[in-house]
Amino acid sequence: NIIFVPNIISTTIALVYSFYFQKFLTFKDNTKNQKKQLPLFFAVSIFNILMFGGLVFGFLIKLNLPIFFSKIISTTFQMCSSFLFYKFLVFKQVR
């Protein structure tokens, strides 16, 4: 329990910083949609955590890949899907 609270606090702070870096630096989004975008960003982040765990598990158990390759493949897929979710869902530009 003692470790659990600091983990939640540090993860939340990291996600908030990540949100603002993605919003303003990566996607150059200067809109005032934070109230709509932040929950979507958190949802994508939670999805990514679950997806990563599921992919690693699948590669390890179902395909018998070594942990190193399972993590590399899962991380690559997660990075690509995260970028697409953030670009076309969270920080989509209205033209």
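Residues numbered from 1 in each chain as written. Predicted model: local features only at pLDDT ≥ 70, side-chain atom pairs only at ≥ 80, totals over all residues. Heavy atoms only, no water.

S.K.: Please clarify how the packing of helix α2 (residues 34-62) against helix α3 (residues 67-90) should be interpreted in this entry.
M.R.: How two helices sit against one another is set out by the angle between their axes and by the gap between those axes. Two numbers describe how α2 lies on α3: the axes approach to 9 Å, and their chain directions differ by 155°. The angle between α2 and α3 falls in the class roughly antiparallel. Viewed along their axes, α2 and α3 form a crossing whose handedness is right-handed. Taken together, the residues of the contact of α2 with α3 break down into 18 nonpolar, 9 polar and 1 charged. (Axes fitted to C-alpha atoms, helices over the stretch in contact; angles between N-to-C directions. Helix = DSSP H or I, 4+ residues; strand = E, 2+ residues; numbered from the N terminus. Parallel < 35°, antiparallel > 145°, perpendicular 65-115°, else oblique. Left-handed = near helix turned anticlockwise from the far one by under 90°. Nonpolar A, V, L, I, M, F, W, Y, C, P; charged D, E, K, R; others polar.)

S.K.: Explain helix α1 (residues 4-26) to me, please; I cannot follow it from the model alone.
M.R.: Within an α-helix, residues lying three or four positions from one another point in the same direction, as the helix has 3.6 residues per turn. The terminal C-alpha atoms of α1 lie 31 Å apart, and with 23 residues this matches the ideal 33 Å at 1.5 Å per residue to within 8%. Just beyond α1, the residue with positive phi is K28, at close to 50°. (Expected span 1.5 Å × (residues − 1).)

S.K.: What exactly am I supposed to notice about the pattern of salt bridges here?
M.R.: Pairing is possible between side chains that carry opposite charge, provided their charged atoms lie close to one another. Overall, the coordinates contain 1 salt bridge when judged by the stated rule. Across the pair K23 and D29 runs a salt bridge, and its minimum N-O distance is 3.4 Å. Classification of K23 by relative accessible area gives buried; the value is 0%. (Salt bridge = Lys/Arg side-chain N within 4 Å of Asp/Glu carboxyl O. Buried < 20%, exposed > 50% of the residue type's maximum accessible area, 1.4 Å probe, protein only.)

S.K.: Just to check I follow, could you spell out the environment of L63 for this structure?
M.R.: Relative to the assigned elements, L63 resides in the loop between α2 and α3. Along the sequence, L63 and M79 sit 16 residues apart, while their C-alpha atoms lie 21 Å from each other.

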